[in-house]
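An overview of the molecular structure
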Amino acid sequence: MDHQETQETKDIVNRCNKCGLCTSSCPVYQQVLIEAANPRGRIQLVKYFLEGKIPFSKRFKEIILTCLLCETCVVNCPSGVRHDQVFNNLRAELVKQYGLNWKKRLVFQLLTNEKLLHSSIIFARLGRNWLIENLAKGMRIGNIPAGKLPLVNPRPFRDQFAGVICPDGEPKGRIFYFTGCFTNYFAGNVGQAVVNVLKKLRLEIEIPAAEDCCGIAAILSGERDLPLKNVQQNISTLSRARVDAVLVDCATCGAAFRKEYIDLLKRKGLDTTQAEILKGKTQDVMEYVAERIDELPLRKDYTSEKIRVTYHDPCHLVRAQGVSSAPRKILQALPQVEYVEMEEANACCGGGGTFQFDFPEVAKGITGKKIKRIRETGARVVATGCPGCRVTIGGNMDEQDRIAVLHPLQLLDSALTGKGLDKFPFAGTGRLC
Amino acid sequence: MLSQVVKDELKAIVGEGRYFDNEEDLLLYSYDAFIVQGQPEAALLPVSTEEVSRIMKVASRERIPVTARGAGTNLAGGSVPTRGGIVLVFTKMNRIIEIDKVNRVAVFQPGVINMEFQKELTKRGLYYPPDPGSMAVSTMGGNVAENAGGPRAVKYGVTSDYLLGLEVVLASGEVLRTGGKTLKNVTGYNLTQLFCGSEGTLGLITEITVKLIPLPETKRTLQAVFKNLSDAGRTVARVFEIGILPVALEIVDKVSINVIEDYMHLGLPREAEALLLIEVDGPEAAVAGESGRLTQLCREMGAHEVKVAGTVEENDEIWKARRSAYGAGARLRPTAIAEDCTVPVGNLVAMFQEVTRIAEKYQLLIPVVAHAGDGNLHPLILTDSSDQEEMKRVVKAIDEISRKAVELGGTLTGEHGIGIAKREILPFELGEVAMEITRNIKKTFDPLNILNPDKVVLIV
Ligand SMILES: Cc1cc2nc3c(=O)[nH]c(=O)nc-3n(C[C@H](O)[C@H](O)[C@H](O)COP(=O)(O)OP(=O)(O)OC[C@H]3O[C@@H](n4cnc5c(N)ncnc54)[C@H](O)[C@@H]3O)c2cc1C
């Protein structure tokens, strides 16, 4: 760690009073019940490390990495300790000292090179889809059966659009829709739903051609150099555009634009003026739509039985961006939906980016608990605004689960077109997305 | 030093994953929420009484010090293994064995978290009132070992008032069972209560039986703002005189109000000397009647603003100020030491004034919140444990606060316990006769002095 990072980390860990009120909130601690998984414990250990009492040992690394970065501890800390910043700094130090493992390195290199990503995904589509459908059927990636992993979109979502998409009727405004990698390459159906809804709101939709991966996966793994080019490119494209808002359908991209970019630039000693503009313009698409839900021609003639829907709060929306009421407002407005709240809706699903692949045993317990909460509601659909959560939750569901995992706007889109909500496939049996 | 042979023997009892002797994990069991530290030589996480008993047999044979630990949230150094040895962590021994609706009792293991237990009870319309501020994280074993209490103590009492029976592993490894499922029991000495508040120095609690009551129908919170602290103090006494027994009666002092306001911006009146919070519960009609009478009383006693919550959310809103006191203070300085002196309710205002005087004398910032209904004050001493000069003043201030409480007819600690923090001053309150009996009790249960030595009472 350089001097600045060391000082920042020291200042944060010294704030910890060891009261332990973060303990029960930590999903990892709840599973393993040892102090090493207690946010307080990790903070103390970092303190010992900075004091030179312990080296960067294997166990220390493991303890630092067994964290979902869900930020529940941050929210629960009475002393205002920013655990996430401490752990991020330590992750970055880890990468500096030991490098990333080759698999992560490869993925991040791909993600930070849009041209390469684009062509390799198209190239890989046939081969990969065939591989997943045939060879990998019995395999698991983390706890998720390979056969359930989403297939690549037939055509990258963004490739379908050139220029500006015209609204249904006289335009009321213009927005940027940042699709993110997941929608672009895997969840074209979510992208389509978003576009349909925004068109109904009579918006001109610009889908930037020069869109790069938000880079957050690399940043949160401690790789702070590789994604810098993407970050700067995105900031420059998105902050300069003459649009009313920059909308995202992915919790993580939103968290990047509103939080991580500024942190990263500050750390690198770079100017944040444009990043602040982007932060100000960025909204999750659910927030934007919720504010205008009354303008949408929701079909009131719906007569069949309502379907029960519950909502899961992604960490990157509820804690990183403070978004929780907007998705509920949308779902509650849908005439076909009987909305029910699950217990601990804002508890992490156990995905945590690559956490579920690095620590499948711990993740399994956390995701299992989330699925139990979902089942208890008796819902037919669990909606959530994060592709990572959708893959984690859907991927861990059993065949018996008669539950679909969707983005809230997919339900809204169906309500607008009058399509029955019971058509969505169940996550337990079908493929995700 | 534990030999490798003994370490292997201990590890074999609990197995991989529940035994640690590596530097990192030992450091992780070297602290609690107080400011002292001590590193164990082995950390074990048993899941059954049998495992605890087998561990204690080895420990007594080898004379290894054993420190029990729940969530490690106590504020007196109670779970710090000052002499090394074994730290016995109960967090994985966390099964609720039985919630018996007919007999209105519950039986569970010590690692159950207070809040988790409460959630299970609420589903069944039952209630276990003790609510320490740490209830979201602290274990029931730790609650019993500290005889924890909380705001609701005014009406409902503390942990000991609900404790019916225990299973305890003694220093020798023998298993002792006390009490049982009956509400009445005068058979023999009350050994159950002897362990309540014993801070892990007499035995290891492995099973707990408590009584339960029906969940009250509803509750309501009032907040009254007083220009003068003494008016708030007099109001506390008057509440009981007009025949109302509230669930909680809390006072937030002027320093706290300002510390909270600086960070939370709740719109609290900075010039007020006291915020008085009153909560009542029971059937809706009774609660409505009582909150009306309390509003009137507060006005008569000089409150210039009284707010009554209309909804559950508004209850929470009012409690927010009180609950933020610790955090708001803790944000100001690197170290926050929560004191715990307790006086007869009639001397509450006098004790507040003493704390103000002592804070000025030692040039310290000490916001105070109090469970006013039971005379329990929490002066929060804000300091920096790395500043040696300031810490000297802190030690003196704590000592003076504690002595003043005893002089005012009160006690050194109402709920946080003695641990290491108050062991030197313990004789000041107990006197030599009680000290001698205390030492003899300790020797009877723990002749080898291996159970949490150095805590509560020093054996030489
Ligand atoms: C923010 C905060 C607020 C708090 N508010 C309150 C409050 O309102 N009221 C209150 O009373 N306390 C309060 N406390 C203090 C503390 O939370 C309580 O004392 C609690 O009961 C400790 O439980 P624990 O599980 O953390 O036990 P620990 O701190 O781990 O242990 C406490 C003591 O019990 C012993 N012990 C633990 N388990 C066992 C066992 N199974 N058998 C024998 N001995 C055992 C330990 O050796 C130690 O001496 C607060 C603490 C904090 C940090």
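Remember, predicted model here, so these are calculated numbers, not experimental data. (Residues numbered from 1 in each chain as written. Chains lettered and ligands numbered in written order. Predicted model: local features only at pLDDT ≥ 70, side-chain atom pairs only at ≥ 80, totals over all residues. Heavy atoms only, no water.)

1. Some thoughts on the overall build of chain A
When you go through chain A residue by residue, the secondary structure sums to 21 helices and 11 strands. By principal-axis analysis of the C-alpha atoms, chain A measures approximately 70 × 45 × 45 Å. Sequence separation of at least 24 residues holds for 77% of the intrachain contacts in chain A that already meet a minimum separation of 6. Surface accessibility of chain A: about 17,300 Å² in total, with carbon and sulfur atoms responsible for 53%. For chain A, the distance from the average position of its 60 positive side-chain charges to the average position of its 47 negative side-chain charges is 3 Å. (Helix = DSSP H or I, 4+ residues; strand = E, 2+ residues; numbered from the N terminus. Contact = heavy atoms within 4.5 Å. Areas by Shrake-Rupley, 256 points an atom, 1.4 Å probe, with all protein chains shown as cover. Lys, Arg positive; Asp, Glu negative; His and termini not counted. Charge placed at Lys NZ, Arg CZ, Asp CG, Glu CD.)

2. Quick look at the interface of chain B and chain A
Many descriptions give the size of an interface as the accessible area lost when the pieces come together. Residue-level contacts link 36 residues of chain B with 30 residues of chain A. Buried area between chain B and chain A, both sides added, is near 2,500 Å², and the carbon and sulfur share of it is 54%. Joining chain B to chain A, the criterion identifies two salt bridges. Here R59(A) makes a salt bridge to D25(B), at a shortest N to O gap of 2.6 Å. In this structure, the connection of chain B to chain A is made through 18 residue pairs in polar contact (both at pLDDT 80 or more). Among the elements of the structure, α2 (23-28), α11 (312-332) and β16 (335-338) of chain B are those that each provide at least two residues to the side of chain B that touches chain A. (Buried area = accessible area lost by both parts, 1.4 Å probe. Salt bridge = Lys/Arg side-chain N within 4 Å of Asp/Glu carboxyl O. Polar contact = N/O pair within 3.5 Å; in protein donor to acceptor, adjacent residues only side chain to side chain.)

3. A look at the site of the ligand
Within the structure, the ligand sits among 34 residues, and G70(B), T73(B), S134(B), T139(B) and G149(B) are positioned closest to it. At the site occupied by the ligand, the surrounding residues belong to chains A and B. One of the backbone nitrogen or oxygen atoms of G133(B) is found 2.8 Å away from an oxygen atom of the ligand. Separating an oxygen atom of the ligand from a side-chain N or O atom of T139(B) is a distance of 2.7 Å. Within the complex, 97% of the 970 Å² of free accessible area of the ligand lies under protein. Contributions of two or more residues to the shell around the ligand are made by β3 (66-69), α5 (140-146) and β10 (204-211) of chain B. At five residues, the largest contribution of residues to the shell around the ligand is made by α5(B). Taken together, the residues that form the shell around the ligand break down as 12 nonpolar, 18 polar and four charged. Counting only domains with at least three residues in the shell around the ligand, you end up with domain 1 (4-89) and domain 2 (96-214) of chain B. (Near = heavy atom within 4 Å. Nonpolar A, V, L, I, M, F, W, Y, C, P; charged D, E, K, R; others polar. Domains from an automatic or database assignment.)

4. Quick notes on the confidence of the model for chain B
Per-residue pLDDT for chain B has a mean of 96; in total, 100% of the residues score no lower than 70. Scoring of the predicted complex yields 0.93 for pTM and 0.94 for ipTM. (pLDDT = per-residue confidence, 0-100.)

5. Let's talk about unusual backbone geometry
When glycine is set aside, most residues are seen to have a negative phi, and most peptide bonds are trans. Of note in the backbone geometry, N449(B) takes a positive phi value of approximately 55 degrees without being a glycine. Along the polypeptide, N449(B) turns up in the segment after α14 (426-445).

6. Quick look at the packing of aromatic side chains
Tallying each qualifying case throughout the model produces 14 aromatic pairs over all chains. Relative to F186(A), the ring of F182(A) has its centre 5.3 Å away and its plane inclined at 35 degrees; by these criteria the two rings are tilted. Ring pairs connect the aromatic residues F49(A), F56(A), F60(A) and Y98(A), which therefore count as one cluster. Over the face of the ring belonging to Y98(A) we find K61(A), whose NZ or CZ atom lies 3.6 Å from the ring centre. Taking NZ or CZ as reference, R403(B) lies 4.5 Å from the ring centre of F428(B), over its face. (Phe/Tyr/Trp six-rings, centres within 6.5 Å; stacked < 30°, edge-to-face > 60°. Lys NZ or Arg CZ within 6 Å of the ring centre and 35° of its normal.)

7. A look at the pairing of strand β8 (residues 163-169) of chain B
Residues and elements named next belong to chain B. Extensive coverage of β8 is indicated by the burial of seven of its seven residues. Bridging between β8 and β10 involves six bridges; their strand directions are antiparallel. Within the sheet, the bridge partner assigned to G165 lies in β10 and is T209. Inspection of the sheet shows β8 paired to strand β9 (residues 175-179) by five bridges, in the antiparallel sense. Within β9, the residue paired with E167 across the bridge is R177. (Buried < 20%, exposed > 50% of the residue type's maximum accessible area, 1.4 Å probe, protein only. Pairing = 2+ DSSP bridges.)

8. Here we look at α14(B)
Over its 20 residues, α14(B) extends only 20 Å from the first C-alpha to the last, a length that falls short of the 28 Å expected when each residue adds 1.5 Å. Of all bends in α14(B), the biggest is about 90 degrees, found at E432(B). (Expected span 1.5 Å × (residues − 1). Bend = angle between axes of the 7 residues up to and from the residue.)

9. Section: the nonpolar core
Among the nonpolar cores identified, the biggest contains 74 residues, and F60(A) and F257(A) are the most heavily contacted of them. The element best represented in this core is helix α13 (residues 251-267) of chain A, accounting for eight residues. The contact partners of F60(A), leaving out residues within four places of it in the chain, are L45(A), V46(A), F49(A), I54(A), P55(A), L90(A) and E24(B). Residues M286(A), Y288(A), I293(A) and L296(A) belong to the second largest nonpolar core, which totals 65 residues. (Core = buried A, V, L, I, M, F, W, Y, C linked by side-chain atoms within 4.5 Å.)

10. Section: the pairing of strand β4 (residues 173-178) of chain A
All names here are of chain A. With respect to burial, β4 is a largely interior element, five of its six residues being buried. Inspection of the sheet shows β4 paired to strand β5 (residues 203-206) by four bridges, in the parallel sense. Bridge assignment links G173 to a residue of β5, and that residue is L203. In the sheet, β4 pairs with strand β6 (residues 245-248) via four bridges, with the strands oriented parallel. Across the sheet, residue I175 finds its bridge partner in β6, namely A245.

11. Side note on the sheet that holds strand β8 (residues 307-311) of chain A
Residue and element names in this part refer to chain A. Read across the sheet, four strands follow the order β9-β8-β10-β11 without closing on themselves; strand pairing throughout is parallel. The two strands at the open ends of the sheet, each matched to only one other strand, are β9 (337-339) and β11 (404-406). Averaged over all adjacent pairs, the angle separating strand axes in this sheet is 35 degrees, with direction ignored. (Axes fitted to C-alpha atoms, helices over the stretch in contact; angles between N-to-C directions.)

12. Here we look at the pattern of salt bridges
If you walk through the whole model with that rule in mind, you get 60 salt bridges over all chains. Between R258(A) and E287(A) there is a salt bridge, with the nearest N and O atoms lying 3.0 Å from each other. With R258(A) in helix α13 and E287(A) in helix α15 (residues 285-291), the pair connects residues that are 29 residues apart, well separated along the chain. For E287(A), a relative accessible area of 16% gives the class buried. With a shortest N-O distance of 2.8 Å, R403(B) and D399(B) are connected by a salt bridge. Placement of both R403(B) and D399(B) in helix α13 (residues 388-407) is noted, with a separation of four residues, approximately one turn of the helix. For R403(B), a relative accessible area of 31% puts it in the partly exposed group. Residue D399(B) is classed as partly exposed on the basis of its relative accessible area of 30%. Taken together, the salt bridges that share partners define one network made up of E71(A), R82(A), D84(A), K259(A) and E260(A).

13. Notes on the environment of S402(B)
Residue and element names in this part refer to chain B. Residue placement: S402 occurs in helix α13. The buried category is assigned to S402, whose relative accessible area is 1%. The spatial distance from the C-alpha of S402 to the C-alpha of L297 is 32 Å, given a sequence separation of 105 residues. Non-local contacts of S402, meaning those with residues more than four positions away in its chain, are made with E339, L412, K422 and I425.

14. What to know about the sheet that holds β16(B)
Residues and elements named next belong to chain B. Spatial strand order, β15-β12-β14-β13-β17-β18-β16: seven strands in an open sheet with antiparallel pairing. Here the strands that pair on one side only, and so sit at the sheet edges, are β15 (303-308) and β16. With strand direction ignored, the average angle separating the axes of adjacent strands in the sheet is 15 degrees. In this structure, strand β12 (residues 218-226) lies alongside β15, joined through five bridges in antiparallel fashion. Residue pairing in the sheet places F226 in a bridge with A303 of β15. Across the sheet, helix α10 (residues 284-300) lies against β12, β14 (274-282) and β15, angled at about 5 degrees from β12, the strand it touches most.

15. Description of the domain arrangement of chain B
All names here are of chain B. Under the domain assignment, chain B is made up of domain 1 (4-89), domain 2 (96-214), domain 3 (218-326) and domain 4 (333-447). Computed from C-alpha atoms alone, the centre-to-centre distance between domain 1 and domain 2 is 23 Å. Of the residues lining the interface, 14 residues belong to domain 1; the matching set on domain 2 comes to 15 residues. For the pairing of domain 1 and domain 2, the buried interface totals around 1,100 Å² over both sides, and the portion due to carbon and sulfur atoms is 65%. It is T49, M56 and T73 that lose the most area in domain 1 upon contact with domain 2, and together they represent 35% of the buried surface on that side. At the junction of domain 1 and domain 2, the tally comes to zero salt bridges. One can count three residue pairs in polar contact (both at pLDDT 80 or more) joining domain 1 with domain 2. Contributions of two or more residues to the side of domain 1 that touches domain 2 are made by α3 (49-62) and β3. With six residues, the top contributor of residues to the side of domain 1 that touches domain 2 is α3.

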